[in-house]
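Here's the letter readout for the chains.
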Amino acid sequence: MLKPIKLFGLFARISILNEVQYRANFFLQVLQSSLSLGTGLIVLSVVYSYTDNLGGWSQAELLAVYGVFVLMSGLIGSLVLPNMWAFMEDVREGRLDFTLTKPEDAQVLISVRVVAIWRLVDVVLGLVVLGVAITRMGLEASWWLAFAFAATLIMGMVLLYCVLLLASILSFWFVRVWELMEMMQSIFQAGRWPVGIYPDWLRLGLTYLIPVAFAVTVPAEALTGRLTPELLAGTLLFTIVALVVTRLIWKWGLRNYSGASA
Amino acid sequence: MPRVQGFAQRVRTNLQVYAVGARVAILERLQYPLASLMFMVNVLIEPIIYLVVWSSATVAQGGAVGGYTAGQFAGYYIIWTFVRQFNLAVGPDNFNWRIKNGTLAGELLRPVHPIDIDLAWNLGFKVMQVVYWIPIGVILWLMFKPEVNPEAWQLLAFPIVLLLAAYVRFFVMWLVGLMCFWTERIDSLIELYFAAELLFSGRLVPLEIMPAWAQNVAGYLPFQWTFYFPIELLLGRVTINEFGIGVFAQVAWILAAYVGIRLIWVRAVRRFTAVGA
């Protein structure tokens, strides 16, 4: 059980050593992240200059949603997505064979290899936005809130990991999967706003197909005191099912993988 | 190609280039229908998000926000999706990629200017995009019930403005792309460019409901002529005076960008041969 975490620590250290060689990238990332944060905040303020609530969310609460969105983008962008791109590249180039011959579990290996540390800038920015939102909401700190938020955030991340891995696994069968990945990333943008405002068909898609709802809206709900214990239990159940299904499909996919270099 | 060439001959050659380039792009799109569909979803998710956001805001405000009803917002963003298919252009990042992997070196050897290759390819790409758009447009129309009431002249003027909008965006982006000849670290510049476009073109929010400072800034930039102006025209919210000013601005931006490309291209290519291969 501890082994994946140890492996992650090891690979993270290598990634960090690799990336600190290119320090200019840090400033470029700060610039880019601030730009998109600025754009997002301007739009938010324009919307709230015309209305004081959107689907039942006040401005401070929506700021919290946006904070979670930025935070989650940073987490996925630094920890999950780079691994998925590397994995798809490996399948295409035939390098996956080397991974398969290693004594560790292949799914673990391909999932923890890369950490794009500069993308963690978004995690910091997201936390800052969240901090401002929490102060504005005048939230009273409580253990239950902190726990519910942390738990839903982690489960949201795990769910996104599952969906992104499932999409990447398709590269066992199809060569051009990156368009699908790009599509999922742009659909993730819908998470800037609480999924409750979207029409039913879109909300269902954003809940179960690409779990933006669980990844962003539910943690924000936890933070704003909207989360019921039932929803928390449901999220947990859904996360476990998604993990098991992803694992099964991964194994099935591997059986179908014939190797590109062989 | 012979050095001395009649004008008619030159026009004919150019048209042939466009026809062939467009056909290649069309065939490419047909080859990967699923990829085209996913690209479409990429393009459409943005307006749908903002359509829903503004509709919710009008509901909360009991009818209208900043002079737009829910139906007009729906109209705005559905026309947006149509205009978007036309103003798709060759992004500056594409230049970066072509320089880095050497494709451009090959393109420079051809007797045709790379901008002609791009124009031709872009044309075919747009044709296919519009074809793919039709069913989606119909569905969006039925789903969101837009209010679109153009007068006859606005309807007739729309194709002209749409075409000009497409070429404003194409030429300006091509000009920005030329910066890639001078620096490899163009990503931030591109991000800045797109952030400016998002805010000052009417892409995210109709310019009329942006704060005054943003509207002022937008006046000095080409972006509003590529989204906001054609959309508002078809919505029926543009007066004949504004139409005149808009077309003038569009033509002026196309000319300015064209002259800019002409001036910079020579220097850029010289730089490229100095650095490349």
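Residues numbered from 1 in each chain as written. Chains lettered and ligands numbered in written order. Predicted model: local features only at pLDDT ≥ 70, side-chain atom pairs only at ≥ 80, totals over all residues.

1. Remarks on the overall build of chain B
A tally of helices and strands in chain B yields 11 helices and two strands. Along its sequence from the N terminus, chain B presents helices and strands in the succession α-α-β-β-α-α-α-α-α-α-α-α-α. Scaling as 2.2 N^0.38, a compact globule of 277 residues should have a C-alpha radius of gyration of about 19 Å, and chain B matches this with 20 Å. Oriented by its inertia axes, the alpha-carbon framework of chain B measures out at about 65 × 40 × 35 Å. By the burial criterion, 39% of the 277 residues in chain B qualify as buried. (Helix = DSSP H or I, 4+ residues; strand = E, 2+ residues; numbered from the N terminus. Rg over C-alpha atoms; globule rule 2.2 N^0.38 Å. Buried ≥ 20, exposed ≤ 12 C-beta atoms within 10 Å, placed from the backbone.)

2. Some points on the overall build of chain A
Across its full length, chain A holds 11 helices and zero strands. Helices and strands appear in chain A in the N-to-C order α-α-α-α-α-α-α-α-α-α-α. The C-alpha atoms of chain A give a radius of gyration of 19 Å, which matches the 18 Å a tight globule of 262 residues would have. Looking at chain A residue by residue over its 262 residues, the buried ones come to 37%. Contacts spanning at least 24 positions in sequence make up 81% of the contacts within chain A whose residues lie at least 6 apart. (Contact = placed C-beta atoms within 7 Å.)

3. Focus: unusual backbone geometry
All names here are of chain B. The phi dihedral of K145 falls on the positive side, at around 45 degrees, and the residue is not glycine. The residue K145 is located in the loop between α6 (114-144) and α7 (152-177) in this model. Residue K145 is classed as exposed on the basis of its 12 C-beta neighbours within 10 Å.

4. Structural notes on the interface of chain A and chain B
Contacts between the two partners involve 28 residues from chain A and, on the opposite side, 28 residues from chain B. Sorting the residues of the side of chain A that touches chain B by element identifies α2 (24-50) and α8 (178-188) of chain A as the ones contributing at least two each. Top element by residues in the side of chain A that touches chain B is α2 of chain A. It accounts for 11 residues. For the side of chain A that touches chain B, the per-class residue count stands at 17 nonpolar, eight polar and three charged. (Nonpolar A, V, L, I, M, F, W, Y, C, P; charged D, E, K, R; others polar.)

5. Topic: the nonpolar core
Residues V65 of chain A together with V53 and A165 of chain B are the most contacted members of the largest nonpolar core, which totals 130 residues. For this core, the element with the highest residue contribution is helix α3 (residues 59-93) of chain A, accounting for 19 residues. Every residue in contact with A165 of chain B, bar those within four places of it in the chain, is listed here: V83, F86, N87, W225, T226, F229, P230 and Q250 of chain B. (Core = buried A, V, L, I, M, F, W, Y, C linked by C-beta atoms within 7 Å.)

6. Brief notes about the packing of α8 of chain A against helix α2 (residues 33-60) of chain B
Axis separation between α8 of chain A and α2 of chain B bottoms out at 9 Å; the angle between their running directions is 15 degrees. As far as their axial angle goes, α2 of chain B and α8 of chain A are roughly parallel. The element α8 of chain A and its partner α2 of chain B pack so that their crossing is left-handed. Residues E179, L180, E182, M183, S186 and I187 of chain A of α8 of chain A touch α2 of chain B, and the partners they reach there are A35, M38, F39, V41, N42 and I45 of chain B. Among the residues forming the contact of α8 of chain A with α2 of chain B, the class breakdown is eight nonpolar, two polar and two charged. (Axes fitted to C-alpha atoms, helices over the stretch in contact; angles between N-to-C directions. Parallel < 35°, antiparallel > 145°, perpendicular 65-115°, else oblique. Left-handed = near helix turned anticlockwise from the far one by under 90°.)

7. Describing the environment of R255 of chain A
If you trace the backbone, R255 of chain A turns up in helix α11 (residues 229-256). When the C-alpha positions of R255 of chain A and F172 of chain A are compared, they lie 9.7 Å apart, and in sequence the two are 83 residues distant.

8. Observations concerning the packing of helix α3 (residues 70-87) of chain B against helix α10 (residues 228-235) of chain B
Residues and elements named next belong to chain B. Between α3 and α10, the least distance of the axes is 9 Å, while the angle of their chain directions is 125 degrees. The angle between α3 and α10 places the two elements in the oblique class. Pair α3 / α10 crosses with right-handed handedness. Contacts from Q72, G75, Y76, I79, W80 and V83 of α3 reach α10 at P230, I231, L234 and L235. Each residue belonging to the contact of α3 with α10 can be placed in one class, and the counts come to eight nonpolar, two polar and no charged.

9. Topic: helix α8 (residues 187-200) of chain B
The terminal C-alpha atoms of α8 of chain B lie 20 Å apart, and with 14 residues this matches the ideal 20 Å at 1.5 Å per residue to within 8%. Of the positions making up α8 of chain B, those classed as buried are I190, E197, L198, L199 and F200 of chain B. Each element contacted by the buried residues of α8 of chain B is listed here: α2 of chain A together with α4 (92-100) and α9 (212-219) of chain B. Positive phi appears at G202 of chain B, one or two residues downstream of α8 of chain B, with a value of about 85 degrees. (Expected span 1.5 Å × (residues − 1).)

10. Observations regarding the confidence of the model for chain B
Residues and elements named next belong to chain B. Taken as a whole, chain B shows an average pLDDT of 87; of its residues, 96% reach a score of 70 or greater. Taking the mean pLDDT of every element in chain B, the minimum, 80, falls on helix α5 (residues 103-109) and the maximum, 96, on α10. For this predicted complex, the interface confidence comes out at an ipTM of 0.85, alongside a pTM of 0.88. (pLDDT = per-residue confidence, 0-100.)

11. Here's the deal with the environment of S56 of chain B
Summarising the element assignment, S56 of chain B is placed in helix α2. Sequence spacing of S56 of chain B and L123 of chain B is 67 residues, and the spatial spacing of their C-alpha atoms is 37 Å. When neighbours within four sequence positions are excluded, S56 of chain B is seen to be in contact with L54, G55 and I197 of chain A.

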